[in-house]
Amino acid sequence: MEISHANKRPDFKRTRSLIDRIGDPVLKAITFIAAALAVTVLVLIAYELIKGSRLAFRHFGLGFLTSQVWDDIHGQFGALSLIFGTVVTAVLAILIAAPLAIAIALFLTELAPKPVRALLGALVEMLASIPSVVLGLWGILVLGPFVKNQLEPLLGSALGFLPFFRGAHSTSGILTAVLILTIMVVPIIASVTRELFTTVPPELREGALALGATRWEMVRGVLLPAARPGILAAVALGFGRAVGEAIAVAMVIGGQIGIHWSLFAFGDTLAAQNALQYNGADTNLQISSLVYLAAILLVISLAVNIGAQLLIRPIDLRPRRQRIALDRALEAEGVSAD
Amino acid sequence: MAEPVFSLRTSGRLRRRQMVNRLMGALALGAALLAVSVLAIVVISVASRGVSALNLDFFTKNAAQGFNPTGGGIRFAIVGTVVIVGIATLMALPLGVLIAIYVSDLASPRLARITRLALDVTNGIPTIVIGIFVYTMVVATHGQSALAGSLALAIIMVPLIARATEEVLLLVPNSQREASLALGVSRWRTTLSVVVPSALGGILTGTTLAIARAAGETAPLLFLTSLGTSASADSNPLHPLQTMTLAIFQYFELPGFEAKAWAAAFTLMCFVLVTSLGAKLAMARYRKKLGG
Amino acid sequence: MEVIKTKIDLGRERLPTGEQEAVFEARDVSVYYGDQRAIDKVNIDIYRRLITAIIGPSGCGKSTFIRTLNRMTDLVPSARLTGELRYRGIDLYGPGVDAVEVRRRIGMVFQKPNPFPKSIYDNVAYGLRILGMKKDLDERVEKALHSAALWDEVKDRLKDSALGLSGGQQQRLCIARAIAVEPEVILLDEPASALDPIATSAIEDLMHDLKRDYTIVIVTHNMQQAARVADMTAFFGLNVTPEGSREGILVEYDKTEKIFTNPSDKRTEGYVTGRFG
């Protein structure tokens, strides 16, 4: 059959305006540049910190990591006691916060009556949004006296035979810093863990309960194992947060160089030292040493965060699952059913 | 009727198991109560100390000079916070939304994953490190300014806005995109006229959360604006302006300034808690609307 | 305006009765998703101002095929088409052909009603505004709503959200939205599968009215629907390759009456008499 298309041949090329046609590549280019900028900033941060710490690195090398001195008068700087303080405060805070946060998440997803779940969850998350400077102020002026007059005497008399609970009591110090960090970290771990628990399919829970398991047995046997990598990642994120907190810790830790085994003693962390030396640094070497500290902090936080992301990726599919990409939806439709 | 040969009541081993169950339940309840009480204690103790120092002067006057420097208000810090956070938002909002559009609608899966990872990792960098980065890059050569502070806050806000926006963009059903494309509307117009407007509520709440977070940040601003130098009492972003957080940080160790520190802390806390709670509630409602 | 002229052209030149003009001519059209073939060598002519129904069992590629007609398949990066698909003489997949322009002329309505979360008015006006057909916007919107048999139901609440309409009304709104931009062809991908019987019959009545001005292709899994509305019916079947993958093939294409009363292929007969599928 031959058909004539004489005067009404559709022309698919010409009717769209230039703007309409170049819009696609332009939008893609602009958004790509924005995304590339986000990646670039990350690289730039690493680059600037390496550049800024070069002077200190040349002076102290890796010995910076193993020296405890921080002497601005003689220009001798080392990070060991700060690394020690950072690790001790963050680890202790995590040890207290992780079980608490997991328990809270369990309560919010499994036990709390439905109507109060959202409210309780919001309240716990509010704890995370208190500005750290406010928490620091509260920590030194309200929590501090409690630590000095009640908590430390109590710990000292009960556990004073251990070296960790000896020494003069004071409002500021490692113990107060640990408590403040715990308060900051609990809501972070709790909210991620809570998300994880809600993604565990109900069939798994019901399966366990139908076998005659108690609720706790279901939690221990089904829920916690299913969410384990995610919980680890949440704890890692919390650890990263505790390591990096500068202001609140700076306000309550007492700011003293040196390695002390007692929780009652003053201490210092990488982040807090940076915050406290803000206007004290007057030599290039000291500034460079502070940048060196920041570089160490960056390495720790990168390791922790990338590790956590790798752990969390295969688990955290939920938002993605709800909205299978257009491609895949169409593809599935075309291939399997229509 | 014959006696039943079994019982459905609890007995023996099961009773022990149920006691463990109840104990664990009680511990979980205790943990939740502890967290909520800590929140209550913090809020009440900050409020009780802060309210008494609040008056109109506190908001409308700048710091007093001369013999009684503890007098006056923190107007300059409020202005500084608004300027610094405002400029940071102007930088971060478009960037964050563009990145989200790229990741959700335009990027190949691989580039999307790389971008997401970069955002999440940036989000995990200690904020003081970002402060030091901006210090070495900008302040070391150009001196302190509110603008430097805005830059640091923008770096913190971009991942927050981008991730929140991406999440709501992905909630916009693909059938909406298809409807527009099938009308012969180009992809970019579809994105800008269907996808982004549908997600607008989510973008706004995500941005509000980022603003609340930025307004409460101290560490990244330490070396960038006002601290260590005399703060400007104007609103020129090229000057080192003061912020609420920096004011609290400075006041807390100065004798006589404690009341002002508490009042500023209370004001800041109220702002941050109310906005972030409101934004979270709005986000939850919005998510339900789009997802359901 | 070019768009309007096209419309008038369409009105004027009807071919003499008895001889239908083929709008789409598919020659050996196969579609692949990655390595997997979804439909294999489809040859079909789709005629102007007729309703052509595509029926067949699940997975036979009928949705895939209708999506090739306005290049919606382009949105799947892994999708690939071989063979030739001509629309009024032009190779739809030929060089220089703009998929966006194709979709402007060949509208589509989907399985699930997908109105925008905007007002009823803005839903219809959306395409008009974006495509620059802003003159007489109100009249165009009203006309489209009239054509979609929806005007009387919504004329007093044009500013209300489209999401407040019933499913059937939403689907007719989607049809109004599609015809507002004055396409030449309307593709309907199972438009009534999510609707109740009353809404379904409203849509079917509407199709009869639209036939006067538009070429209509409808995918449906409902054979009665095809029998009721279609002039021509294409039956797609499933072919299982020796390797075990399933692909769609066009089994038979003829006048609807013939397909349902006297099909020439055993497979068609089996399907329409309900013996399989």
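Quick caveat, the model's predicted, so the values are computed rather than measured.

Let us now look at the overall build of chain A. Tallying secondary structure elements over chain A gives 13 helices and two strands in all. By residue count, 51% of the 338 residues in chain A fall in the buried class. Taking as baseline every contact in chain A between residues at least 6 positions apart, the subset at least 24 positions apart corresponds to 74%.

Right, let's get into the confidence of the model for chain A. All names here are of chain A. Model confidence for chain A is summarised by a mean pLDDT of 84, while 87% of its residues fall at 70 or above. When the criterion is pLDDT under 50, residues 1–7 qualifies, and its contacts beyond four places in sequence or with other chains add up to 10 contacts. Scored below 50 in pLDDT, residues 315–338 shows 53 contacts in the model against residues more than four places distant or in partner chains.

So, about the environment of Val42 of chain B. Examined against the element boundaries, Val42 of chain B turns out to sit in helix H1 (residues 12–51). Taking the relative accessible area as the measure of exposure, Val42 of chain B reaches 0% and is therefore buried. On a C-alpha basis, the gap between Val42 of chain B and Ala77 of chain B in space is 23 Å, while along the polypeptide they are 35 residues apart. Non-local contacts of Val42 of chain B, meaning those with residues more than four positions away in its chain, are made with Ile130, Leu135 and Trp138 of chain A.

Attention now goes to unusual backbone geometry. Residue and element names in this part refer to chain C. Unusually for a residue other than glycine, Asp136 sits at a positive phi of about 55 degrees. Turning to its location among the elements, Asp136 is positioned in the loop between helix H4 (120–130) and helix H5 (137–147). Although it is not a glycine, Glu190 sits at a positive phi angle of roughly 45 degrees. Note that Glu190 resides in the loop between strand E7 (185–189) and helix H8 (197–210). A residue is classified by how much of its surface remains accessible, and Glu190, at 3% relative accessible area, is buried.

Attention shifts here to the confidence of the model for chain C. Segments scoring low in pLDDT should not have their predicted coordinates read at a detailed level. Residues and elements named next belong to chain C. Mean pLDDT over chain C stands at 85; residues scoring 70 or higher make up 92%. Mean pLDDT per element in chain C: helix H1 (residues 2–12) is the minimum at 34, and strand E8 (residues 215–219) is the maximum at 94. A low-confidence stretch, residues 1–17 (pLDDT under 50), is modelled with 24 contacts involving residues beyond four sequence positions or located in other chains. Prediction confidence for the complex, expressed as pTM and ipTM, is 0.85 and 0.88 respectively.

Enumeration over the complete set of coordinates arrives at 15 aromatic pairs over all chains. Seen from their ring centres, Tyr251 of chain B and Phe257 of chain B are 4.9 Å apart, and the 10 degrees between their planes marks the pair as stacked. Each member of the pair Tyr251 of chain B and Phe257 of chain B is classed as buried. A network of ring pairs unites the aromatic residues Phe57, Phe60, Phe64, Trp70, Phe77 and Tyr292 of chain A as a single cluster. Over the ring of Tyr32 of chain C we find Arg80 of chain C; its NZ or CZ atom is 4.5 Å from the centre of that ring. In this structure, Arg177 of chain C packs its charged tip against the face of Phe116 of chain C, placed 4.5 Å from the ring centre.

Let us look at the pairing of strand E1 (residues 22–33) of chain C. Residues and elements named next belong to chain C. Taking burial as the measure, the 12 residues of E1 include 10 buried ones, the bulk of the element. Of the strand pairs in this sheet, E1 and strand E2 (residues 36–47) are connected by eight bridges, and their pairing is antiparallel. Across the sheet, the residue bridging to Ala26 is Ile44, located in E2. The antiparallel pairing of E1 with E2 creates a hairpin that spans two residues between the two strands, and Gly34 there sits at a positive phi of about 60 degrees. Sheet topology places E1 next to strand E4 (residues 79–87); eight bridges connect them, and they run antiparallel. The residue bridging Tyr32 from the neighbouring strand is Arg80, located in E4.

All names here are of chain A. Interaxial distance between helix H3 (residues 80–111) and helix H4 (residues 114–129) falls to 9 Å at its minimum, and their mutual angle equals 165 degrees. By the angle between their axes, H3 is roughly antiparallel relative to H4. Here the hand of the crossing between H3 and H4 comes out left-handed. Where H3 approaches H4, its residues Ile104, Phe107, Leu108, Thr109, Glu110 and Leu111 are matched on the opposing element by Arg117, Leu120, Gly121 and Val124. Looking at the contact of H3 with H4 residue by residue, the class counts come to six nonpolar, two polar and two charged.

Attention shifts here to the side chain of Glu110 of chain A. Residues and elements named next belong to chain A. By the secondary structure assignment, Glu110 is in helix H3. Overall, the relative accessible area of 10% leaves Glu110 in the buried class. Looking at Glu110, its side chain comes within polar contact range of the side chain of Arg205, at 2.3 Å. Look past the residues within four positions of Glu110 in its chain and what remains in contact with it is Arg117, Arg205, Arg215, Met218, Val219 and Leu223.

All names here are of chain C. Across the five residues that make up E8, a large majority, five, are buried. By the bridge criterion, four bridges tie strand E3 (residues 51–55) to E8 in an arrangement that is parallel. By the bridge assignment for E8, Thr52 is matched with Val217. Pairing geometry for E7 and E8, over five bridges, is parallel. Among the inter-strand pairings, Leu188 is bridged to a residue of E8, identified as Ile218. A crossover links E7 with its parallel partner E8, the connecting element being H8, and its sense is right-handed.

What counts and how
- Residues numbered from 1 in each chain as written.
- Chains lettered and ligands numbered in written order.
- Predicted model: local features only at pLDDT ≥ 70, side-chain atom pairs only at ≥ 80, totals over all residues.
- Heavy atoms only, no water.
- Helix = DSSP H or I, 4+ residues; strand = E, 2+ residues; numbered from the N terminus.
- Buried < 20%, exposed > 50% of the residue type's maximum accessible area, 1.4 Å probe, protein only.
- Contact = heavy atoms within 4.5 Å.
- pLDDT = per-residue confidence, 0-100.
- Phe/Tyr/Trp six-rings, centres within 6.5 Å; stacked < 30°, edge-to-face > 60°.
- Lys NZ or Arg CZ within 6 Å of the ring centre and 35° of its normal.
- Pairing = 2+ DSSP bridges.
- Axes fitted to C-alpha atoms, helices over the stretch in contact; angles between N-to-C directions.
- Parallel < 35°, antiparallel > 145°, perpendicular 65-115°, else oblique.
- Left-handed = near helix turned anticlockwise from the far one by under 90°.
- Nonpolar A, V, L, I, M, F, W, Y, C, P; charged D, E, K, R; others polar.
- Polar contact = N/O pair within 3.5 Å; in protein donor to acceptor, adjacent residues only side chain to side chain.
- Right-handed = clockwise from strand over helix to strand, strands pointing away.

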